[in-house]
Number of protein chains: 2
Amino acid sequence: MIETGTMEQMLRPTADPAWLLATEGYDPLRESSFESRFAISNGFLGVRGGRAATRGARWVVPARTYVAGLFDKSDAQHAIPELIPAADWMKLRILLPGGALIQHPGDVSSHRITLDLQRGALLSECSRLKAPDISLRLRTLRFVSLSDRALGLQLIQLEIEEGEVEVTLEASFEGMNLGLASVQIDQHVGVWRTEHSGKSIAMASGSSLQVDGHDLFGTALGQLKSSWSWKTRAGQVVCFERSVAIVRSDVEAFNPAAAAIEKLGAARQLGWHGVTAAHEAAWASRWLLSDVLVDGDASVQQALRFAIYHLNSAANPGDERVSIGARALTGADYHGHVFWDTEIFLLPFYIFTWPEAARALLMYRFHTLDGARAKATRMGWRGALYAWESALTGAEAAPAQAIGPDRQVIPILCGSQEQHISADVAYAVWQYWQATGDDRFLREAGAEIILETGRFWSSRAKLEADGRRHIRGVIGPDEYHEDIDDNAYTNVMARWNVRRALDIAALLHERWPECWQSLASRLDIGEAELKQWRIVAESIAANPDPKTGLFQEFSGYFELERINLADYAGRSVPMDVVLGRERTQKSQVIKQADVVALLALLPNEFAGETGAENFRYYEPRCDHGSSLSPAMHGLVAARLGQSEKALRYFRKAAAIDLSDTHVAIDGGVHIAALGGNWMLVVLGFAGLSLRDDGIGVDPQLPAAWRSLSFGVQWRGRSLKIRIDQEKNRLEATLESGAPMMLVVGGAPPRELRQGNALQVDLSAELAPA
Amino acid sequence: MIETGTMEQMLRPTADPAWLLATEGYDPLRESSFESRFAISNGFLGVRGGRAATRGARWVVPARTYVAGLFDKSDAQHAIPELIPAADWMKLRILLPGGALIQHPGDVSSHRITLDLQRGALLSECSRLKAPDISLRLRTLRFVSLSDRALGLQLIQLEIEEGEVEVTLEASFEGMNLGLASVQIDQHVGVWRTEHSGKSIAMASGSSLQVDGHDLFGTALGQLKSSWSWKTRAGQVVCFERSVAIVRSDVEAFNPAAAAIEKLGAARQLGWHGVTAAHEAAWASRWLLSDVLVDGDASVQQALRFAIYHLNSAANPGDERVSIGARALTGADYHGHVFWDTEIFLLPFYIFTWPEAARALLMYRFHTLDGARAKATRMGWRGALYAWESALTGAEAAPAQAIGPDRQVIPILCGSQEQHISADVAYAVWQYWQATGDDRFLREAGAEIILETGRFWSSRAKLEADGRRHIRGVIGPDEYHEDIDDNAYTNVMARWNVRRALDIAALLHERWPECWQSLASRLDIGEAELKQWRIVAESIAANPDPKTGLFQEFSGYFELERINLADYAGRSVPMDVVLGRERTQKSQVIKQADVVALLALLPNEFAGETGAENFRYYEPRCDHGSSLSPAMHGLVAARLGQSEKALRYFRKAAAIDLSDTHVAIDGGVHIAALGGNWMLVVLGFAGLSLRDDGIGVDPQLPAAWRSLSFGVQWRGRSLKIRIDQEKNRLEATLESGAPMMLVVGGAPPRELRQGNALQVDLSAELAPA
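Residues numbered from 1 in each chain as written. Chains lettered and ligands numbered in written order. Predicted model: local features only at pLDDT ≥ 70, side-chain atom pairs only at ≥ 80, totals over all residues. Heavy atoms only, no water.

Caption draft 1: Quick peek at the packing of helix H10 (residues 421–436) of chain A against helix H11 (residues 439–460) of chain A. Residue and element names in this part refer to chain A. Two elements in contact, H10 and H11, have axes whose closest approach is 9 Å; the angle formed by their N-to-C orientations is 150°. Here H10 is positioned roughly antiparallel relative to H11, judged by the angle of their axes. For the pair H10 and H11, the sense of crossing is left-handed. For the pair H10 and H11, the contacting residues are Ser-422, Ala-423, Val-425, Ala-426, Val-429, Trp-430, Tyr-432 and Trp-433 in the first and Asp-439, Phe-441, Leu-442, Gly-446, Ile-449, Ile-450, Thr-453, Phe-456 and Trp-457 in the second. Here the residues of the contact of H10 with H11 are counted per class, giving 13 nonpolar, three polar and one charged. (Axes fitted to C-alpha atoms, helices over the stretch in contact; angles between N-to-C directions. Helix = DSSP H or I, 4+ residues; strand = E, 2+ residues; numbered from the N terminus. Parallel < 35°, antiparallel > 145°, perpendicular 65-115°, else oblique. Left-handed = near helix turned anticlockwise from the far one by under 90°. Contact = heavy atoms within 4.5 Å. Nonpolar A, V, L, I, M, F, W, Y, C, P; charged D, E, K, R; others polar.)

Encoded structure:
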């Protein structure tokens, strides 16, 4: 039996408005953007925030459900894999004698949709819905469970205000014949398979309806469709509940129907309140570890919560065979493909707040290592060259052509030339290992990634007449410039990668010699090769100009045309669209943080004041033509003490998904920009850094912020850090784990122990040495 | 019985490649563009060039059929009307024992789609289609009849090359539940209705299949779905034919099912070859009157044929209740709404080659006059202010907001401020009447339009302290500048409109006094009002600068920031996107021909050399941010003798729909740009003009053209004109009708009679006076 009182409570959003994001009414122009922004996800299932109960019969696209890893190709040979949405399991119609209650979302007055960030749930409310003979209130809730990722729940409550009419509530699935081939669709379960990738999914569904607390028998209409009919009366309360269990199968032989039915059975045994309680507990635990509190800037607080909500929604520590696409599971842009975004912009959040999720994401790269090796071999190099766009197998999934912002068909060279991805993956592996001390991961997966990518770069950099090794014909993070030589980001990251491969070889050899022997033998790495790597590491052309300390973004960059971007301040499109591709390629205009990204990732490569020099040179040359760019600039600005500029970058990045003047997020939220903003705040404003002997914090908060608090996971420990700017004090608390060292500003390391909170006077610590 | 030999012939495209436009293979990026470019239409039905037989099961959007006038609103109150596509009546699947023969268009090798411009038909061919046990050739044809616009036909021929398998051909409709509400769907007929506009359509369909010339009985599967099964053998020829009859009802009481069934029955009685013969004869007759031949430039010839094909496809002389939307019936952009495009860019083609179509288009404006009167009244003026975007009733259908090219949500003020539309409609009425001498139309409809629009302008222009009447708060054709005062185009056209209203009043009074009495009484036009119009006509601020001869585009324009557009030569987006809306509004950058359009429409308003002066001033300030702009500039350039520049404008306009580097036509062909290019050639290069005493021709061909030939309809006469540049000679032939006067260049009028072709030596005629 549905407990009406509990449901009543469930359908109310969290009381504190700082946890809520809402929109009212119906705005067809922005509907798609809201569907992305208000998406719910648990890293396995993603459901866009489309209307279910208030959608009406036609006109509006259904809310499709994305299933992580459910890729297919549109033909066997040529096409690239695409994430295929599953059917909408939430369709609902309320039928009155004169027809459907809602024909169109525009018919619904006073409609409010609320994303409850704290509970990971989407709620809606129609305060008074009127038809000729009836007036009612409608409230809905939906979530996909963070506790058991196979489960989704939909709750609907109707309160009849007046009217006695025969009403039918019809619950069904929609879009059952789009994209996937249906294998079987019965009353309670449907099975679909992909055309070419050998995957299938089952969706089992059960529902119930109560009128004033009493169960009503429904009519089974077949094919996942049921209906309930009753007569309304004033004051009546009707509760509808539908659960879905979704199981993906990766092998053709395994029909997932039975597993989905079993999952659903267990969930219905537990009851919707039990499922909800487990889901909310899982969210509470994620927030406990990952929430960031900003006192003194409500809009930053909301944008951060929004970012952390989507970051927590995007990952699944239980599935090593998938990673996070450029729009997570919130939209169709980039077809669910995985880019460097994950390793460089998302991993820091997971490493420091959710190491289990970080590990699964890196294991995806381990499982796709064969694809990376095959790509390197095919292109004539050794080791592993990761796919610029990765999907199921690690085979390159970048399209050969795409439609540009001006509707021009343009060739996409990234799939063959944007090779820094291999160093980016190695970088994330190293960071994860440094932060977690997860030696087992290193031995079983991480080492092989770093060795194989290091090997790739060693074969890739070619010795030339000048005695140095060059990496020619690449694209750096700045994608305006294609087929360039010696991209600073690429070369320095490559050198770093080769050096870490040498470190790993030495470390394994020393600490786990059997592991090293087995790995070296399997990968066929001998002393001669290690020696060659050492030579490569010393001779890659990857040094700044000795006079100015400036890295040249790539060979010949300094000689290109200087464009004064201030002259183009009014533009609302990237500069390559303004100047044309050809002229942009011949100019110094940069699409996104490139040398600046290098400064963010490897600050130690920039001696003395040269970090600031490089930022001063490159920042005005960047037009932020990528959503990845502003947060990365903000991170560097914050570390350089330019806090107000950094804050402007934060707001610029936050606006991408939260501004209503643009509707650029129809295709999903920009999860890397969200991850970048977490980095900007925690690694930038708080100055969190990894050190050999512990962690470092070096705060530089914007002037208006009163305090900043956040949690950190480090080598099995849980810390809370609070920077109180009013009192100019840092408080650090070790909540679990063995004692550790904390370095604040330029001061000597301090020991941090459980039960012994550390209070550091920042005015002393941050004073010039 | 289907005559195999005849079908064989039917499925071959016209032999002369100058009549064909083709594409091979499958290119997902360009598929939507090709669907627009290869659309077939007869002004009542429009079918996009999507695949039917080679589409496979999923993935690709079906080829929807547009029905002229089938508008609906997505809710009763707020939304704007949209053209709602009907179901796809051409879906076809070929099923083998192992599954469908084609799963995806990419599976099909050597696929060729050909648009046969001469026959108004779309053909396709798969030269060899292979499955494990069978190999076959597939050819298809489709058209919607130009002879009976309710009818569509689909022909499919399968030639089995090898393989003996059981095969099933399944023919069905698709998308039957999208957009429209289904009322009944039986085996042979479906009826759908709109939600809010009270319209319905019926689609009746019949089909047959023959194997080696023998009829095969099909299986009726209900709901417009049938199938045929047989066993293949090498050499077998299978012919499938499907007809559809579509009837629209504009009143709720009338169910169009019976009419559609009757139409279909008559067509099937006639047989598909009879239907085809009538359709092809209708196209032959259209080409006879409208073809334009360019000798010496094959690409111009093809682009012109393409333009004329779509112009002939877009109109329907039999339906006065619809007009031509901005994308005709080839795509969904602008929701099928009618703009000034029709009157200014399309009407000249129809007036001079298809007066019956022109008349129906103007009658649409007559039938929507009440909507225009209501809009004027609502805004506080008198007379008739036509909707900037018009759909069913003439009520304003412009949206309040739209998504800009950079995904920004921008307000749309055109619906209230772009008022020149009223003068544009009056202009087209006058041109039609001048060219056709259709006095009956003038008396019954045209006069009322010109009087009511003239009355609008007379109330709109307000007397101010300077003694002149000003029209403030408008948008001219140059939509970069909003809420401006005294737009030259608007004011001069308004003055022209008021003057023609006075002319019409005088003419009716003199020639048809009873008609005038009745009209003047119904419209309540008295002598006092006519007197006021005369004052207004004299005092509207609509004169050029007396010193320079330049019209100022609007008040204050000359003081705005000058932007050198050459500095932005590489850009691939309009200048408002580059500079931002705000700065663009404060600059002299012009979106499209504005004063230049005035020069094109009313050249006599530009004394002496001032036409050339104005063009010299305004041309470099225009960024052609509208597809309407290049052809209008080309027309003016051609008349000014700048033939090579005009030719560049022709190519620029033609590229909009024909270039494959951009894919900007997913939403339909730019019918106004196509009409504009016809104008550029006939009114520009040939210099065709209307005169009181006949027609004028004043040729200025591009140097490389050997000759230009075209037909003209004038006051019940049919002429052919040929300009032979090699011989520097013009040939004019009167093919039907009474003798008339022809003025070539600056020479005195010559008489033209049937059977007495005129040959004029252009070197003499065009010599400087």
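Caption draft 2: Layout of the sheet that holds strand S32 (residues 750–752) of chain A. Residue and element names in this part refer to chain A. Strands sit in the order S26-S27-S31-S32 across an open sheet of four strands; the sheet is mixed. The sheet terminates laterally at strand S26 (689–691) and S32, the two strands that pair on one side only. Neighbour-to-neighbour, the strand axes of this sheet turn through a mean angle of 35°, independent of strand direction. Note: strand S31 (residues 740–744) against S32, three bridges, orientation antiparallel. Of the residues in S32, the one forming a bridge with Leu-742 is Arg-750. (Pairing = 2+ DSSP bridges.)

Caption draft 3: Inspection of the UniProt feature "domain: Glycoside hydrolase family 65 C-terminal" (unreviewed entry) in chain A at higher detail. In the numbering used here, UniProt assigns the feature "domain: Glycoside hydrolase family 65 C-terminal" (unreviewed entry) to residues 689–746 of chain A. End C-alpha atoms of residues 689–746 of chain A are separated by 13 Å, and the span's content is 0% helix alongside 62% strand. (UniProt positions renumbered as here; feature names shortened; annotations may be inferred.)

Caption draft 4: The arrangement of the pattern of salt bridges in detail. Considering all chains together, one arrives at 112 salt bridges over all chains under this definition. With a shortest N-O distance of 2.2 Å, Glu24(B) and Arg112(B) are connected by a salt bridge. Of this pair, Glu24(B) sits in strand S1 (residues 20–24) while Arg112(B) sits in strand S9 (residues 111–116), placing them 88 residues apart in sequence. For Glu24(B), a relative accessible area of 52% corresponds to the exposed category. Exposure remark for Arg112(B): the relative accessible area of 36% places this residue in the partly exposed category. Shared partners join several salt bridges into a network, and the residues in it are Asp370(A), Arg373(A), Arg382(A), Glu448(A), Glu452(A), Arg455(A), Arg522(A) and Glu529(A). (Salt bridge = Lys/Arg side-chain N within 4 Å of Asp/Glu carboxyl O. Buried < 20%, exposed > 50% of the residue type's maximum accessible area, 1.4 Å probe, protein only.)

Caption draft 5: Geometry of the packing of helix H19 (residues 629–639) of chain A against helix H21 (residues 671–685) of chain A. All names here are of chain A. Two elements in contact, H19 and H21, have axes separated by 8 Å at closest approach and are oriented at 5°. For the element pair H19 / H21, the angle class is roughly parallel. Where H19 approaches H21, its residues Ala-631, Gly-634, Leu-635, Ala-638 and Arg-639 are matched on the opposing element by Ala-673, Gly-676, Asn-677, Met-679, Leu-680, Leu-683, Gly-684 and Phe-685. Along the lines of polarity and charge, the residues of the contact of H19 with H21 split into eight nonpolar, four polar and one charged.

Caption draft 6: Quick look at the domain arrangement of chain A. Residue and element names in this part refer to chain A. Domain parsing of chain A yields domain 1 (20–287), domain 2 (291–640 + 647–685) and domain 3 (707–765). Taking only C-alpha atoms, the centre of domain 1 and the centre of domain 2 are 37 Å apart. Taken together, the 38 residues of domain 1 in the interface contact 42 residues of domain 2. Summing the contributions of domain 1 and of domain 2, the shared interface buries around 3,300 Å²; its carbon and sulfur component is 60%. For domain 1, the biggest contributors to the area lost against domain 2 are Arg-37, Arg-286 and Trp-287; these three give 23% of the whole. Where domain 1 touches domain 2, the interface holds two salt bridges. The partner of Arg-248 in a salt bridge is Asp-319, and the shortest N-O contact between them spans 3.2 Å. Viewed at the interface, domain 2 and domain 1 are joined by 23 residue pairs in polar contact (both at pLDDT 80 or more). Of all elements in the fold, only strand S1 (20–24), helix H2 (31–37), strand S2 (40–41), strand S3 (45–47), strand S6 (81–83) and helix H4 (272–290) reach the threshold of two or more residues within the side of domain 1 that touches domain 2. Sort the elements by how many residues they give to the side of domain 1 that touches domain 2 and H2 lands first, with five residues. The class makeup of the residues in the side of domain 1 that touches domain 2 is 20 nonpolar, ten polar and eight charged. (Domains from an automatic or database assignment. Buried area = accessible area lost by both parts, 1.4 Å probe. Polar contact = N/O pair within 3.5 Å; in protein donor to acceptor, adjacent residues only side chain to side chain.)

Caption draft 7: Quick look at the side chain of Asp486(B). Residues and elements named next belong to chain B. Considering the arrangement of structural elements, one finds Asp-486 in the loop between strand S25 (469–470) and helix H12 (488–511). Although buried, Asp-486 forms no salt bridge, and the nearest oppositely charged side chain, Arg-472, lies 5.1 Å from it. If sequence neighbours within four positions are ignored, Asp-486 has contacts with Arg-469, His-470, Ile-471, Asn-491, Ala-541, Gln-552, Glu-553, Phe-554 and Ser-555. (Lys, Arg positive; Asp, Glu negative; His and termini not counted.)

Caption draft 8: Seen up close, the pairing of strand S28 (residues 707–714) of chain B. All names here are of chain B. Of all eight residues in S28, eight are buried; the element is thus mostly enclosed. Burial of the side chains of S28 extends over both faces: Ser-707, Ser-709, Gly-711 and Gln-713 are buried on one face and Leu-708, Phe-710, Val-712 and Trp-714 on the other. When S28 meets strand S29 (residues 717–724), the two strands line up antiparallel, connected through eight bridges. If you follow Trp-714 over to S29, its bridge partner there is Arg-717. Taking the residues between adjacent antiparallel strands as the criterion, S28 and S29 are bridged by two residues, where Arg-715 takes a positive phi near 45°.

Caption draft 9: Representation of the nonpolar core within the structure. Of all hydrophobic cores here, the largest spans 190 residues; its most connected members are Tyr350(A) and Leu708(A). Considering each element in turn, this core owes the most residues, twelve residues, to helix H12 (residues 488–511) of chain A. Look past the residues within four positions of Leu708(A) in its chain and what remains in contact with it is Val292(A), Leu293(A), Val294(A), Val681(A), Phe685(A), Ala686(A), Leu701(A), Ile721(A), Arg722(A) and Ile723(A). Formed by 189 residues, the second largest nonpolar core is a distinct cluster that contains Met90(B), Phe554(B), Tyr618(B) and Leu674(B). (Core = buried A, V, L, I, M, F, W, Y, C linked by side-chain atoms within 4.5 Å.)

Caption draft 10: Examining the interface of chain B and chain A more closely. Taken together, the contacts link 47 residues of chain B with 47 residues of chain A. Taken over both partners, the interface formed by chain B and chain A buries close to 3,700 Å², and the fraction arising from carbon and sulfur atoms is 53%. Between the two partners, chain B and chain A, sit zero salt bridges. The tally of links from chain B across to chain A stands at ten residue pairs in polar contact (both at pLDDT 80 or more). Elements with a contribution of two residues or more to the side of chain B that touches chain A: strand S5 (71–73), strand S22 (401–403) and helix H15 (575–579) of chain B. Its residues assigned to classes, the side of chain B that touches chain A shows 17 nonpolar, 14 polar and 16 charged.

Caption draft 11: Inspection of the sheet that holds S3(A) at higher detail. Residues and elements named next belong to chain A. If you trace the three strands from one edge of the open sheet to the other, you get S2-S3-S4, paired in antiparallel fashion. On the outer flanks of this sheet lie S2 and strand S4 (65–67), each paired with one strand and no other. Pairing analysis gives three bridges linking S3 to S4, with the strands arranged antiparallel. By the bridge assignment for S4, Leu-45 is matched with Val-67.

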